[in-house]
Amino acid sequence: MTRSALPGLAIATAVLCVGLLLAFTVGRYPVSVADLFSVLLAKISGQTAGASTAVQSVILQVRGPRVLAAVLVGAALAVAGTAFQGLFRNPLVSPDILGASSGAALGAVIGIFFSLGVLAIQALAFAGGLLAVAAVYLIGSAVRARDPILVLVLTGVVVGALLGAGVGLVKYLADPYNQLPAMTFWLLGSLAAANVTDLLPLFGPVAIGSAVLIALRWRMNVMSLHEEEARSLGIATGPLRVAIVAAATLTTSASVATAGIIGWVGLVVPHLARSLVGPDFARLLPTAAILGGGYLLLIDTLARTAAEVEIPLGILTAVVGTPFFIWLLANMQKTWS
Amino acid sequence: MNIEGRNLTIGYPDRTVGHGLDVALATGEVLALLGPNGGGKTTLLKTLLGLLRPKAGEVRLGDKPLNNYSIRERARVIAYVPQVHISTFAFMVETVVLMGRTAHGGLFSRPSAKDRAVAQAAVERFGIAALATRPYTMISGGERQLVLLARALAQEPQFIVLDEPTASLDFGNQGKVMNEIRALARSGHGVLFTTHDPNHALRAADRAYLLREGKRLDEGPVDTVLQRAPLEALYGAPVQLISDENRRAFLPG
């Protein structure tokens, strides 16, 4: 505890600030930094801004909700990934290890198939993620084995494959002109449609899930030891594992319901955060949340501006994440032996 | 206080490892558990720790069945030092020792100033204060064993159970750990450890328990039990005895 967490937290915060500045100012309608600050200050103080109404609308109506959604989704995925990597004692684990993403995907494509509204699709995706993880957990717990963690991960892989087949079936049956593009777009992840009404259903679950995980931060340190060691140190590992999985699944499902499937963030960001502040969850979780928000914000700004058409987020995070992860594997073995 | 296993049948859901086992450990004494690989040493250890349920019989802690204690209450009475291993994440040594305080805090709490003081005292007792801010993954096997001992002591338990505490240590560190085990008994702890080396039992233990194929061959004061014939029966192999007027040692083969 003597080594300060401040430098690492400062770097993460700097990434988030740069992300915020770029996200608000860069784009098809460039906004100057001076305009940005005058509009935001005016909004906070309730006065009228000096900037034109077009600039105000770009900042407050168009980019504002999308920026907040990106920060929340990035933070949620990073926090969930951090929790799962600790719980499963495996740094190659990502938030969808127990089927949250595939469950959400099936819920969403079913919603699109029946031409439901956006909110209904999001609700189905959210419910699908929670149900998938609950099913994996129940099946995994019913199989009595000496290594409950391994059984849980393998059950997640198997159930995820089945749900993937379900998604394939719905896509196969879907109308190829109207429904299939919408499904594909959703499965690749995007924040293009994020608006103000998305923020509350996203913020609520993410805040609750993150708060539970941060409250359990010390126990999560102990949970990353071997099962029997954690129990001999006084932790009822079974109930605590349920609480951690539920909290991480809540944040994952809420972000998948809003933004579709965005891989890699929950895998890469926890590593970055660990290399900044070490493995102690008390400092790791906040750092991962801040860094995850900044990271997805930068990726989303790239998605908006790099090409004539928007690039799906899932593709960009994979293109950025894969080489980064290979580099991590080669260089960062000191953060996990 | 006592830990007592009465007429235990031990094992896993799919297989029984041993039965008819009676074992007792009091505070202030050291008991060594000896036996060939696969004979049930670790299974018996885990049963006495409450990590495995006995298939028959009962483990009692003090005047109550061990089952009546919550996991947290148990951890404040019995500490477990597993075989030295490398953890997945590079926690600092002082964080690993602080984890020993988990059972003394609430569900959402972090270690308090008192917890830090207890952990610090444990670290100093084992002479590893200089390692406190090093990552646990970057220290030697002998140092790790001392860190795990410090973590066990930080639990402020009455009993400490060690699984092969000398198995992966060099010669010098083996002696150091033996001395620390003696010191723990002098400070009032009851210590149970498994070992492959009868000499370690002679050096550090008051009593020895010989376990072969899930059955107790013998049990009693080390000077009585650790003789050539019972050891040859235990390991199914010849054993040589070396002795002078006050001390004895065994050589395999």
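What you are looking at is a predicted structure, and each value in this text was computed from that prediction instead of being measured.

(A) Representation of the overall build of chain B. Secondary structure assignment for chain B yields nine helices and twelve strands. The C-alpha atoms of chain B give a radius of gyration of 18 Å, which matches the 18 Å a tight globule of 253 residues would have. The buried share of chain B, reckoned over its 253 residues, is 47%. Sequence-distant contacts, at least 24 apart, represent 65% of the contacts inside chain B between residues at least 6 apart.

(B) Highlighting the nonpolar core. In terms of nonpolar packing, the biggest core is built from 175 residues, with V79 and L291 of chain A together with V97, A150, V161 and A208 of chain B touching the most fellow members. When residues of this core are assigned to their parent elements, the largest contribution, 18 residues, is made by helix α3 (residues 53–87) of chain A. The residues that make up this core include at least three from each of domain 1 (1–75 + 162–253) and domain 2 (78–156) of chain B. Discounting chain neighbours no more than four positions away, the residues touching V97 of chain B are A119, A122, V123, V147, A150, R151 and A154 of chain B.

(C) Region of interest: the sheet that holds strand β4 (residues 56–61) of chain B. Residues and elements named next belong to chain B. Spatially, β2-β1-β4-β5 is the arrangement adopted by the four strands of the open sheet, whose pairing is antiparallel. Among the strands making up the open sheet, the edge pair consists of β2 (15–26) and β5 (64–65). On the sheet, helix α1 (residues 41–49) packs against β1 (2–12), β2 and β4 and is oriented at approximately 125° with respect to β1.

(D) Seen up close, the environment of S210 of chain A. Residue and element names in this part refer to chain A. Looking at the secondary structure, you find S210 in helix α8 (residues 196–215). Using a count of 24 C-beta atoms within 10 Å as the deciding quantity, one classes S210 as buried. Here the alpha-carbon distance between S210 and A306, two residues 96 residues apart in the chain, equals 32 Å. Beyond its immediate sequence surroundings of up to four residues, S210 is in contact with V79, T251 and A289.

(E) Structural view of the sheet that holds strand β7 (residues 159–162) of chain B. All names here are of chain B. If you walk across this open sheet you meet the six strands as β6-β7-β8-β3-β9-β10, and the pairing is mixed. At either end of the open sheet lies a strand with only one pairing partner, and these are β6 (78–81) and β10 (215–221). Direction aside, neighbouring strands of the sheet carry axes that sit 15° apart on average. When strand β9 (residues 207–212) meets β10, the two strands line up antiparallel, connected through six bridges. Bridge pairing in β10 places A208 opposite G220. Contacts from helix α9 (residues 228–235) reach β3 (30–34), β9 and β10 within the one sheet, and its direction differs from that of β10 by about 150°.

(F) Molecular detail of the interface of chain A and chain B. On the chain B side, the residues contacting the 31 residues of chain A number 30 residues. Residue classes in the side of chain A that touches chain B are distributed as twelve nonpolar, nine polar and ten charged.

(G) Seen up close, helix α11 (residues 237–259) of chain A. All names here are of chain A. A rise of 1.5 Å per residue sets the reference length of α11, with its 23 residues, at 33 Å; its end C-alpha atoms lie 32 Å apart and thus fit the reference within 8%. Counting buried positions along α11 yields 17 of 23 residues, so the element is predominantly enclosed. G260 sits one or two residues past α11 and shows a positive phi near 80°.

(H) Up close: helix α5 (residues 141–154) of chain B. Residue and element names in this part refer to chain B. Over its 14 residues, α5 runs 20 Å from end to end, which matches the ideal 20 Å to within 8%, given 1.5 Å per residue. In terms of burial, α5 is largely enclosed, as eleven of its 14 residues are buried. Regarding α5, the residues found buried are R144, Q145, L146, V147, L148, L149, A150, R151, A152, L153 and A154. Buried residues in α5 make contact with β6, α3 (93–98), α4 (113–125), β7 and α6 (171–186).

(I) Fine view of the domain arrangement of chain B. Residues and elements named next belong to chain B. As far as domains go, chain B holds domain 1 (1–75 + 162–253) and domain 2 (78–156). When each unit is reduced to the centre of its C-alpha atoms, the spacing between domain 1 and domain 2 is 24 Å. Taken together, the contact pairs 15 residues of domain 1 with 13 residues of domain 2. Those elements that provide at least two residues to the side of domain 1 that touches domain 2 are α2 (71–75) and α6. For the side of domain 1 that touches domain 2, a count of residues per class yields seven nonpolar, two polar and six charged.

About the cut-offs
- Residues numbered from 1 in each chain as written.
- Chains lettered and ligands numbered in written order.
- Predicted model: local features only at pLDDT ≥ 70, side-chain atom pairs only at ≥ 80, totals over all residues.
- Helix = DSSP H or I, 4+ residues; strand = E, 2+ residues; numbered from the N terminus.
- Rg over C-alpha atoms; globule rule 2.2 N^0.38 Å.
- Buried ≥ 20, exposed ≤ 12 C-beta atoms within 10 Å, placed from the backbone.
- Contact = placed C-beta atoms within 7 Å.
- Core = buried A, V, L, I, M, F, W, Y, C linked by C-beta atoms within 7 Å.
- Domains from an automatic or database assignment.
- Pairing = 2+ DSSP bridges.
- Axes fitted to C-alpha atoms, helices over the stretch in contact; angles between N-to-C directions.
- Nonpolar A, V, L, I, M, F, W, Y, C, P; charged D, E, K, R; others polar.
- Expected span 1.5 Å × (residues − 1).

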